[in-house]
Structures are given as structure tokens and as C-alpha cells.
Amino acid sequence: MRPFDPQLLRAVPATRLPVALLALIGGLSGAVAIAQAIAVAHLVVAVVEGHSFWTPGLWVLGLFTLRGVLNASTETVAAHAGARISGALREGAMRRWMTQTADERPGPSAMLTMATKGAAAVEPYVARYLPALVTAGVVPVFAIAAMLVVDWPSALIVIVTLPLLPVFAALIGRYTQRATAERWVETTMLAGHFSDVVAGLPTLVAYGRGEHQVEQIHRVGERHRSATMRTLRIAFLSSAALDLLATISVAMVAVAVGLRMAHGDVSLLTGLMAILIAPEAYWPIRRVGQEFHAAADGVEAIDSLLAGSDARPWHAPAPEQAGGLARAMLSGVSYIYPGQQSPAVSGVTSVVRDGLTALTGPSGCGKSTLLEVIAGARRPTAGRLEVPSTHLVSQRPFIAPMSVRANLTLGNDASVDEIREAMAATGFDDVVLGMPDGVNTSLGDEGFGLSAGQRARLVLTRAWLSDAAIVLLDEPTAHLDPASAADIREAIVALAARKPVVVVTHDEELAARADNQWRIAARSTRDEVTA
Ligand SMILES: Nc1ncnc2c1ncn2[C@@H]1O[C@H](COP(=O)(O)OP(=O)(O)OP(=O)(O)O)[C@@H](O)[C@H]1O
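The structure displayed is predicted, hence computed values, not measured ones.

A. Molecular detail of the packing of helix 2 (residues 16–49) against helix 8 (residues 268–306). The contact between helix 2 and helix 8 brings their axes to 9 Å, and the two run at 150°. Overall, the two elements helix 2 and helix 8 adopt an arrangement that is roughly antiparallel. The handedness of the crossing between helix 2 and helix 8 is right-handed. Residues Ala-33, Ile-34, Ala-37, Ile-38, Val-40, Ala-41, His-42, Val-44, Val-45 and Val-48 of helix 2 form the contact with helix 8, whose participating residues are Leu-268, Leu-269, Leu-272, Met-273, Leu-276, Ile-277 and Glu-280. For the contact of helix 2 with helix 8, the per-class residue count stands at 15 nonpolar, 1 polar and 1 charged.

B. The arrangement of the UniProt feature "transmembrane region" (unreviewed entry) in the protein in detail. When the UniProt feature table is mapped onto this chain, "transmembrane region" (unreviewed entry) is found at residues 21–47, 53–70, 129–149, 155–173 and 234–260. For residues 21–47, the end-to-end C-alpha separation is 38 Å, with 100% helix and 0% strand making up the annotated structure. Between the end C-alpha atoms of residues 234–260 there is a gap of 39 Å, over a span that is 100% helix and 0% strand.

C. Region of the structure containing helix 4 (residues 108–150). An ideal rise of 1.5 Å per residue puts 63 Å on 43 residues; helix 4 measures up with 60 Å between its terminal C-alpha atoms. If you look at helix 4, its biggest bend is around 35°, right at Met-114.

D. Main features of a nonpolar patch on the surface. Nonpolar side chains collect at one region of the surface, where Val-134, Val-138, Val-141 and Phe-142 lie side by side and expose about 300 Å² of accessible area between them. Inspection of the secondary structure puts Phe-142 in helix 4.

E. The nonpolar core, seen in detail. Grouped together as the largest cluster of nonpolar side chains are 53 residues, with contacts concentrated most on Leu-8, Val-122, Tyr-125, Met-147, Val-158, Tyr-282 and Leu-305. Broken down by secondary-structure element, the contributors of at least two residues to this core are helix 1 (7–11), helix 2, helix 3 (54–99), helix 4, helix 5 (152–161), helix 6 (164–206), helix 7 (210–262) and helix 8. With 16 residues, the top contributor of residues to this core is helix 4. Setting aside anything within four residues of it in sequence, one finds Val-122 in contact with Leu-8, Ile-85, Leu-89, Gly-298, Ala-301, Ile-302 and Leu-305. Counting 38 residues, the second largest nonpolar core, distinct from the first, contains Leu-356, Ala-414, Leu-480 and Ala-491.

F. Main features of the side chain of Ser-334. Structurally, Ser-334 can be placed in strand 1 (residues 328–335). Exposure remark for Ser-334: the relative accessible area of 14% places this residue in the buried category. When sequence neighbours within four positions are dropped, the list of residues in contact with Ser-334 reads Val-345, Ser-346, Gly-347, Pro-380, Thr-381 and Ala-382.

G. Local environment of the confidence of the model for the protein. For the protein, per-residue confidence averages 85 on the pLDDT scale, and 95% of positions sit at 70 or higher. Across the interfaces of the predicted complex, the ipTM metric reaches 0.95, alongside a pTM of 0.67.

H. Expanded view of the sheet that holds strand 4 (residues 382–386). Judged by pairing direction, the sheet is antiparallel, and its 3 strands sit side by side in the order 2-1-4 without closing on themselves. A single partner strand is all that each edge strand has here, and the edge strands are strand 2 (345–352) and strand 4. Put simply, the sheet's adjacent strands are angled 15° from each other on average, direction ignored. The sheet contact formed by strand 1 and strand 2 spans 5 bridges and is antiparallel. Opposite Met-329, over in strand 2, you have Val-351 as the bridge partner. Helix-sheet contacts for helix 9 (residues 367–374) involve strand 1, strand 2 and strand 4, and the interaxial angle to strand 1 is about 125°.

I. Spatial organisation of helix 7. With 53 residues, helix 7 should reach 78 Å at 1.5 Å per residue; the first-to-last C-alpha distance of 76 Å fits that figure. Looking one or two places after helix 7, you find Gly-264, whose phi comes out positive at around 80°.

J. Local environment of the pattern of salt bridges. Tallied over the full model, the rule gives 17 salt bridges. Notably, a salt bridge pairs Glu-104 with Arg-379, separated by 2.7 Å at the nearest N-O pair. Of this pair, Glu-104 sits in the loop between helix 3 and helix 4 while Arg-379 sits in the loop between helix 9 and strand 4, and the two are 275 residues apart along the sequence. For Glu-104, a relative accessible area of 35% puts it in the partly exposed group. What you see here is one network of salt bridges that share partners, running through Asp-103, Glu-372 and Arg-378.

K. Layout of the sheet that holds strand 5 (residues 390–393). Strand order in this open sheet of 5 strands is 5-6-7-3-8, and the pairing throughout is parallel. Sheet topology places strand 5 and strand 8 (516–519) at the edges, where each strand pairs with a single neighbour. Looking at each pair of strands side by side, their axes are set apart by 15° on average, direction ignored. Relative to strand 6 (residues 470–474), strand 5 runs parallel, the two being bridged by 4 bridges. Following the sheet pairing, Leu-392 is matched in strand 6 by Leu-472. Contacting strand 5 and strand 6, helix 13 (residues 452–465) crosses the sheet at an angle of about 175° to strand 5.

Rules and cut-offs
- Residues numbered from 1 in each chain as written.
- Predicted model: local features only at pLDDT ≥ 70, side-chain atom pairs only at ≥ 80, totals over all residues.
- Heavy atoms only, no water.
- Axes fitted to C-alpha atoms, helices over the stretch in contact; angles between N-to-C directions.
- Helix = DSSP H or I, 4+ residues; strand = E, 2+ residues; numbered from the N terminus.
- Parallel < 35°, antiparallel > 145°, perpendicular 65-115°, else oblique.
- Left-handed = near helix turned anticlockwise from the far one by under 90°.
- Contact = heavy atoms within 4.5 Å.
- Nonpolar A, V, L, I, M, F, W, Y, C, P; charged D, E, K, R; others polar.
- UniProt positions renumbered as here; feature names shortened; annotations may be inferred.
- Expected span 1.5 Å × (residues − 1).
- Bend = angle between axes of the 7 residues up to and from the residue.
- Patch = residues over 30% accessible without salt bridge, like charges linked within 9 Å, V, L, I, M, F, W, Y side chains within 5 Å.
- Areas by Shrake-Rupley, 256 points an atom, 1.4 Å probe, with all protein chains shown as cover.
- Salt bridge = Lys/Arg side-chain N within 4 Å of Asp/Glu carboxyl O.
- Core = buried A, V, L, I, M, F, W, Y, C linked by side-chain atoms within 4.5 Å.
- Buried < 20%, exposed > 50% of the residue type's maximum accessible area, 1.4 Å probe, protein only.
- pLDDT = per-residue confidence, 0-100.
- Pairing = 2+ DSSP bridges.

And the structure:
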């Protein structure tokens, strides 16, 4: 972990002002602490020598209050800054992931960990560590300058011992980086494994494999626990080491001052001032050491959250001939999955025309992949693609745990009348009639509470309402009973009369209703699409 990584300040401008403000307050606070040490020394001398202690007393009180106010402001600004910056990072990353293709985006569990734990871990880095770092660069200089004026031999001891702290901290930092990176991997794995198990729990229980997962999660959890304990151990030990070093250094100043005072070389006031100012030179660096461990997770998270932030999102260009028959054009389009040798889609040249296009071919020949390439969810590895806006209904379409209405208007701003018209066209109006609160009925995760046929009608209604120029459907009649499949077929044909629809299907009846046919040969034998 580098002590300071400017990429965050560059990528998230919202960071700059609060960090500058916190550093300013930190510097002021350090200056006030030095002034307070001088005032306390004067107060003690006044008491010891029997002078009036009102003036130094009032100074101590005033400076004490000012320090309190500055500390309170630090906490307030830090809390606001932390929330604002982690929010900005989270939003930026999520916006980016939404525009990235499936191959560029991190996996779901990594995205989940980064957007929740990761973004939150940036708060201590920005709100505590960065300001502490700036303070550590300024306050020791103030303290040494004050000591040079007050008592230069004491200043010399500080000048010699002070560099040991950052050197020591840097050595610990190198070790911490590795431990933190390991812990971050374990955290992501635990989150991913846990969310997979929760998602698959009904299936696991149905096959009697639920108990087996307890052992699995326990194992992953144990690895996470021991990685966490390792980083905590480093944090505690290194804090103790830095504290010890600083304490010994201050003690050296105190012993030297004491000896010189015993010989009568130094006055009580000078000696006291030197002893009280000395810790102010060390504490900012000690604080950096402490905050460093709390911030280490944040640095790991920043790298992941900002990864690819300077890359431009990819979009297939829109076809020039927007008003004519050609709605989308594919010329020699191929796609190879990352890490694979042979292409899943190979040299497809075709044109999406008005009406219904059936995309057929044997299982595994690349139909779904081609649909995702046309939708812009995957970037073709070769060939040229011109596509206007599309609406893809995948084999597992996204249904949010929200109301039916919110699900229907996801990605469009359809009016009540338009929703009613679309529902009538797809037959979803009959489904809604049977629901307790009509379109305001809340749905569970992935449409829990709806049958497969009802779900198919819902997502088709949403496709109907979409503003996209082309609708892409992936096996919309699969797993439906004959009556539902017949209704969905009619709705698709009606939709295709409004805008071009490309449908991947094994349903011969649906394919027979299509105006255009695309057929992909089996992977081993195929050359290209025959349109
Ligand atoms: N994420 C992936 N990573 C690697 N290979 C993949 C991935 N998804 C699919 N494939 C492979 O790409 C090929 C095409 O898959 P695709 O799902 O597009 O076929 P399909 O024609 O739609 O099949 P089906 O009719 O069974 O749905 C298959 O050989 C499949 O194994």
C-alpha cells in the first residue's frame, strides 16, 4: 500500500475539498496543541514560583476550548466527507458496471462486496487516514520549529529520532499490504459463496445437500476469520511498536532536559516547554500508523472500485439507415468467451428486418450469445455491428422485488393508458386482475409469487412498453404449458407488427410464424448464419 494514492483525488473530485478542509483543521489543531503546551508550561511555572496564574490559566482554558472545537469539527467534517465520498465512489462504480459489457464487469459477488463493504471501507481512508497524513507532514515541522526556538538541544534529539517512525511505519506497511490483499480476497469469496448458497438454498434442501453447505461456509468463514486475525495482529503489534518508539524518544528529551536542569543549564520554563512540545512532534506520525490499518481495506477497495474508470464504455454504432428496412446489421460478427479457444459465434453476417425473425439452431450453437452480442451485452471479438437501441428479454429476465407497476415501467416512462394497452395485448391484464392489489401488488425476488406463464407475460409487457427500436427474446415459450405458450406466441406476433423482434426459439410453431429465418449450424459443422 502506497502512503498516498492520488488516483482517488483525481477520479472523485468530491474528495478534494473535504480532505483539504480536514488537513487544514488537523494543521490548526497541531499548532493549537503546541501553543497549549507552551501555555501549560507557563501556568505550571507561575504556580511553582507563586506568580499570578490568571493569564496563563486563561490561555490554557482558551486553547483547550479551541482544541475541543477543532476536534469536534474534524469529527463532523470527517463523517460528512466519508459518507459523501463512499457514496460518490459507489455510484460511479455502479454506473460504470451498468455500461460495461458482461466480460468487462466484475462477477456479481465481487460487485456486491465492492459496492457495500468496499465503498464503506473507503471512509476511514479518506476521512481519517489522508488528513492524518497531511497533518503528519505539517505538525512535526511546527513542533521542531518551536523547539528550536525554545531549546535547540532538545530539538536535535527530536530531529534525530523522528525519522525512525516513518521508516518503521513503511516497513510495517509493506507487510500489511499483503495481509490486507489476502483478507480482501477471502471477504469477496465468503460474500460470493454465501450469496450463492442463499440463492440456491431451495434446490440444495430439495436434494438433501443443505447440511453439506454448513461445513463449506464454516470452512470459508474460518479462512476469513484467520485472515482477519492476522491483519488485526499486525495492526496491534505495529501500533504498540510505534508507540514504544515515540515514548522512548520523548523520554530521551525528558532525561536530557532533566540532567541539564539539574546542572542549572536550563530554566524550569524552558525545560517544561521542551518536554511538553516534544510529544506533539511524534503523535501525528503515530496517528498515521494507527489510521493506516483502518484504511488498508479502503485502499484495496479503491483499486477495485476505480478499476477501468478511464476506459470508455463500448457501444455498437447505430445503423445509418435508420428509417429504412435495415434495423441492425451484422457483418462477419464473431465472439469468443474469455479464456476459450473456439468462438461461440462465428462470422455471422445478417440484417435484422421488420417483423418477426426466428433465430434457430441446435443447442449450444451460440444463439443466446449472438442475442447478447446484438444487445451490446458482449463486445464482438471480430466483425462489424450496427445496432440501434435494443430490449433484451433473456432466459432468466430480471424481475425486481418491487410492485408489478414498477417492474413494468423499469427502463421506460409509460403512462397508465400505455400500461393498460400493453397488458391487454400480452394477456397480462388477466393476471393482474387476480392479484390482491392489482398493479400495486409487490413481487418477490425474481418474480416469486408468479407462475412461469405469468412471468413470461410480465416481461413481454415490459418489452412492449420499451422505447427500444428492436426487441430480442430468448426462448420466451420455454417451460410453458401449451395454452400459455400459444398466448405468448400470439403476443409476440402482435409485438413484431409494431417493431422488429428477434426471437431465439426451439418452438417450431413460433418459428413457423416468423417473417424471417436465421439458422445457425452446429458448432462443429457451421460456417455462418443462413438468413
Ligand atoms: N459464460 C460462458 N463462458 C464460456 N462459454 C460459454 C459461456 N456461455 C456459453 N458458453 C458456450 O458458448 C456456446 C454457445 O452457448 P449459447 O448459450 O449461446 O448457445 P445456445 O445456442 O443459445 O444454446 P441453447 O439452445 O441450449 O440455449 C456453448 O458451447 C456454451 O458452452
